[in-house]
Amino acid sequence: MLTLEANQVTVTYPSGLTALRDASLRLSGGTICALVGVNGSGKSTLFKSLMGFLTPTHGSVSINGRPVREAQKQSWVAYVPQAEEVDWTFPVSVHDVVMMGRYGGMNFLRIPRASDRAAVEQSLRRVGLWDLRDRQIGELSGGQKKRVFVARALAQSSRIILLDEPFTGVDVKTEEAIIALLRELRAEGCLILVSTHNLGSVPEFCDQVVLINRTILCYGPTDEVFTPENLTEAFGGALRAFEFDRSTVEAHDDRQVTVLTDDERPLVLGKRGHLEYRERQGREALVSEREERERAARAAKNGAQED
Amino acid sequence: METLLTPFRYDFMLTAMLTCSLVGLVCGLLSAFVTLKGWSLMGDALSHAVVPGVALAYYAGLPFALGAFATGLLAAWTMNTVRLKTPLREDAVIGVVFTAFLALGILLISLRPSQIDLRTIILGNVLAIAREDVIQLIVVSVAVLVALLLKGRDLLLVCFDPNQARVLGLRADLLQGFLLALLSATAVAALQAVGAVLAAAMVITPGATAYLLTDRFSRLLGLAAALGAVTSFVGAYLSYFLNGATGGCIVTLQSAVFILALVFAPKHGLLATRRARKEAAAA
Ligand SMILES: Nc1ncnc2c1ncn2[C@@H]1O[C@H](COP(=O)(O)OP(=O)(O)O)[C@@H](O)[C@H]1O
Ligand SMILES: [Mg+2]
């Protein structure tokens, strides 16, 4: 069983800043979990502790019930770094970078075998970069750059994958391609933790959410955690809310509004703060349940009036 | 024609040219890693910090490479510790530590002027190199070559993405320490060839030049090694005619090649960038 666990992790940087205090978390297999919080809330810091890049000042991390060091030796966890952490001028090709996912299984001299080449090709094809394999990584668009590192994680064939802001600075097409890929991986049973401050797309593909702001505020199934109260707590004043009953939207609009945003997907919540999704498809049960509830409410109201 | 071949007729010239080529090759290879890791300042510092070790080794009658290597590592360790324990910026830490080591070295040498010549250490004197020193150089160079052959890919990964190295269970910190050790070892070799003042150039310039010429790591390695070897050979050869310091000849040549690359490199050269900018403006 795949598990990813943080026990009361506190991280204080040498500068004296405590970026994370007492953060606890436990996730297990076959899930896409979003890590949501404002910039500077400690998302990357949590990732780095989970990956063992930095050692928590207090607390501990365990992966599949084992210490981080062992997880590293076994290459259990793959990591897709934030774009700012990569040196894009480095003289390596797309193919070279993806091959770096395979080093763990290679011999002492790191000479790729046929199976390594096959895995790299398959990963590159899966993210649609096979034709660009010989490009130097700096010569790619923002979306392509992200996909190189997603491909490296695929090539590593780890069952736990952490992605740090894979959708920041990426076009909608790439975002959808990455989301489709993550869904496939979840179907294969992988445990995926993905940080984002793009609230709108979270309900669309994440079944769990972790809210973070210098500590882990709460985590669990998306529709339980993604409530206006929790989000306000996590985002403080940084969140811009649009409330229908206070807005100028009127009854004659028949509840129809159009939401346009530039690069970020808006998060849309219903009247009592329930989540609204873009597509009904695949959520028929949810829709009929809500209609049922509404009918019952209306019937109760009518009944009350007849009395 | 006859005169062009005269350097090859003297044993000391042959030794100097071959020794310099080998050292140039190894330094060139390592300079590729130094450039990619962004450790040029570190290379500069270590090449100076080995001087007290050379002096002490001479006094103690030990192989100079051993002493130099030890103080090189000590300097690297000191810099790292000071950097982690204080809010000082890295450049200040490196600057303070290596000048301290260099000063100590110069002081030690000047205390016993009869035993070692300060000029030899500071400026190098490969034309009069002793037989044991040549053997030491060959041992050091071959050891570094073998180490790079075995661990080159891991070091490349650590230069590019230390976190990915950790993800795969490699000890990124140990590998970085290993690269520092190799750098200390090559600094020792370079010191013999061109002297402590110019040793830094040998572990920086070829890599920086190659960086301008290619976008592929494997080619960068090959280019840097070739540049290091060829400039060192030609530099030593020319020093016979110019009657000038070998180190000066080699490093001047390396700098000349760097300037050529800076101007004419196909993609990252000044001319190419200007052309690209013009084309972009026209389009
Ligand atoms: N290496 C570091 N040294 C000191 N402070 C840091 C370091 N990395 C991050 N921080 C600080 O820690 C806080 C959390 O940062 P981070 O984890 O990167 O947040 P996020 O990824 O959510 O934007 C920020 O205030 C940031 O400035
Ligand atoms: Mg971050």
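Residues numbered from 1 in each chain as written. Chains lettered and ligands numbered in written order. Predicted model: local features only at pLDDT ≥ 70, side-chain atom pairs only at ≥ 80, totals over all residues. Heavy atoms only, no water.

Focus: the overall build of chain A
Alright, step 1. From N to C terminus, chain A includes 10 helices and 10 strands.
Alright, step 2. In terms of overall dimensions, chain A has a C-alpha envelope of 85 × 45 × 35 Å along the principal axes.
Alright, step 3. Here chain A holds 307 residues, and 48% of them are scored as buried.
Alright, step 4. Taking all contacts inside chain A whose residues are at least 6 apart in sequence as the whole, residues at least 24 apart take part in 67%.
Alright, step 5. Separation between the mean location of the 38 positive side-chain charges and that of the 42 negative ones in chain A comes to 6 Å. (Helix = DSSP H or I, 4+ residues; strand = E, 2+ residues; numbered from the N terminus. Buried < 20%, exposed > 50% of the residue type's maximum accessible area, 1.4 Å probe, protein only. Contact = heavy atoms within 4.5 Å. Lys, Arg positive; Asp, Glu negative; His and termini not counted. Charge placed at Lys NZ, Arg CZ, Asp CG, Glu CD.)

Here we look at the environment of L29 of chain B
Residue and element names in this part refer to chain B.
Alright, step 1. On the secondary structure map, L29 appears in helix α2 (residues 11-37).
Alright, step 2. For L29 and A65, which are 36 residues apart along the polypeptide, the C-alpha to C-alpha distance reads 19 Å.
Alright, step 3. The residues touching L29, leaving out its near neighbours within four places in the chain, are L145, L148, L221, A224 and A225.

Thoughts on the coordination of the magnesium ion (ligand 2)
For a metal with four donors in a tetrahedral arrangement, the ideal angle between donors is 109.5 degrees, while six donors in an octahedron ideally sit at 90 or 180 degrees.
All names here are of chain A.
Alright, step 1. Those protein atoms acting as donors to the magnesium ion (ligand 2) are S44 (OG) and Q82 (OE1), and they sit at 2.0 to 2.6 Å. Of this pair, S44 sits in helix α1 (residues 43-51) while Q82 is found in the loop between β6 (77-80) and α3 (94-99), placing the two residues 38 residues apart along the sequence.
Alright, step 2. The exposure class assigned to Q82 is buried, which follows from its relative accessible area of 14%. (Donors = N, O, S within 2.8 Å, 3.2 Å for Na, K, Ca; no water.)

Re the site of ligand 1
Residue and element names in this part refer to chain A.
Alright, step 1. Near ligand 1, the surroundings consist of 13 residues, among which G40, G42, K43, S44 and T45 are the closest.
Alright, step 2. For ligand 1, an oxygen atom lies 2.9 Å from a polar atom in the backbone of K43.
Alright, step 3. Between ligand 1 and S44, the relevant distance is 2.8 Å, taken from an oxygen atom to a side-chain nitrogen or oxygen of the residue.
Alright, step 4. Protein chains shield 64% of the accessible area of ligand 1, which is 560 Å² for the free molecule.
Alright, step 5. Across the shell around ligand 1, the residue classes break down as four nonpolar, seven polar and two charged. (Near = heavy atom within 4 Å. Polar contact = N/O pair within 3.5 Å; in protein donor to acceptor, adjacent residues only side chain to side chain. Areas by Shrake-Rupley, 256 points an atom, 1.4 Å probe, with all protein chains shown as cover. Nonpolar A, V, L, I, M, F, W, Y, C, P; charged D, E, K, R; others polar.)

Comments concerning the confidence of the model for chain B
All names here are of chain B.
Alright, step 1. Overall, the prediction assigns chain B a mean pLDDT of 91, with 100% of residues at 70 or greater.
Alright, step 2. Within chain B, helix α7 (residues 118-123) has the poorest average pLDDT of any element, 82, and helix α12 (residues 205-213) the best, 96.
Alright, step 3. This complex was scored by the predictor with a pTM of 0.87 and an ipTM of 0.87. (pLDDT = per-residue confidence, 0-100.)

Description of the layout of surface pockets
Space left empty within the atom packing is revealed by a probe, the size of a water molecule, rolled over the atoms.
Alright, step 1. Taken as a whole, the second largest pocket holds about 1200 Å³ of empty space.
Alright, step 2. Around the second largest pocket, the lining comprises 37 residues; the ones closest to its centre are N80, R83, R166, D173 and Q176 of chain B.
Alright, step 3. Of all the secondary structure elements, the ones that give two or more residues to the lining of the second largest pocket are β4 (58-63) and α2 (68-73) of chain A together with α5 (64-85), α6 (90-111) and α10 (172-194) of chain B.
Alright, step 4. Among the elements that line the lining of the second largest pocket, the one with the most residues is α5 of chain B, at seven residues. (1 Å grid on protein atoms, 1.4 Å probe; cavity = no way out; pocket = protein on both sides within 12 Å on 5 of 7 lines; lining within 4 Å. Points joined across faces, edges and corners; volume = space filled by probe spheres on them.)

Thoughts on helix α4 (residues 114-126) of chain A
Residue and element names in this part refer to chain A.
Alright, step 1. Here α4 contains 13 residues, and its C-alpha end-to-end distance of 18 Å stays within 8% of the 18 Å for a straight helix at 1.5 Å per residue.
Alright, step 2. Within the sequence span of α4, burial applies to D116, A119, V120, S123 and L124. When α4 is viewed along its axis, its buried side chains cluster within an angular range of 130 degrees and face the same direction. α4 presents A114 and Q122 as exposed residues on the side facing more than 90 degrees away from its buried surface. (Expected span 1.5 Å × (residues − 1). Arc of directions from axis to C-beta.)

Remarks on the environment of D11 of chain B
Residues and elements named next belong to chain B.
Alright, step 1. Note on placement: D11 falls in helix α2.
Alright, step 2. Using a relative accessible area of 62% as the deciding quantity, one classes D11 as exposed.
Alright, step 3. As for D11 and L127, which are separated by 116 residues in sequence, their C-alpha atoms are 9.8 Å apart.

Digging into the interface of chain A and chain B
Alright, step 1. Residue-level contacts link 35 residues of chain A with 26 residues of chain B.
Alright, step 2. Both sides together, the interface formed by chain A and chain B hides about 2600 Å², and carbon and sulfur atoms give 58% of it.
Alright, step 3. The tally of links between chain A and chain B comes to three salt bridges.
Alright, step 4. With a closest N to O distance of 2.9 Å, R152 of chain A and D161 of chain B form a salt bridge.
Alright, step 5. There are 12 residue pairs in polar contact (both at pLDDT 80 or more) connecting chain A and chain B.
Alright, step 6. Secondary structure elements with two or more residues in the side of chain A that touches chain B: α2, β6, α3 and α5 (142-156) of chain A.
Alright, step 7. Across the side of chain A that touches chain B, the residue classes tally to 16 nonpolar, nine polar and 10 charged. (Buried area = accessible area lost by both parts, 1.4 Å probe. Salt bridge = Lys/Arg side-chain N within 4 Å of Asp/Glu carboxyl O.)

Considerations on the side chain of S195 of chain A
All names here are of chain A.
Alright, step 1. Tracing the backbone shows S195 in strand β8 (residues 191-196).
Alright, step 2. Taking relative accessible area as the criterion, S195 reaches 0% and is therefore assigned buried.
Alright, step 3. A distance of 2.8 Å separates a polar atom in the side chain of S195 from a polar atom in the side chain of D164.

Examining the sheet that holds strand β5 (residues 66-67) of chain A
Residue and element names in this part refer to chain A.
Alright, step 1. The strand order across the open sheet formed by four strands is β2-β1-β4-β5, and the pairing between neighbours is antiparallel. Only two strands of the sheet have a single neighbouring strand rather than two, namely β2 (18-28) and β5.
Alright, step 2. By the bridge criterion, seven bridges tie strand β1 (residues 3-12) to β2 in an arrangement that is antiparallel. Following the sheet pairing, V9 is matched in β2 by A23.
Alright, step 3. Lying over the sheet, α1 contacts β1, β2 and β4, oriented at roughly 120 degrees with respect to β1. (Pairing = 2+ DSSP bridges. Axes fitted to C-alpha atoms, helices over the stretch in contact; angles between N-to-C directions.)

Observations concerning the packing of α5 of chain B against α6 of chain B
All names here are of chain B.
Alright, step 1. At their nearest, the axes of α5 and α6 sit 9 Å apart, and the two run at 145 degrees to each other. α5 and α6 meet at a crossing whose hand is right-handed. For the pair formed by α5 and α6, the contact residues are T71, L74, A75, T78, M79, V82 and R83 on the first element and E90, V93, I94, V97, F98 and F101 on the second.
Alright, step 2. Of the residues in the contact of α5 with α6, the class split is nine nonpolar, two polar and two charged. (Left-handed = near helix turned anticlockwise from the far one by under 90°.)

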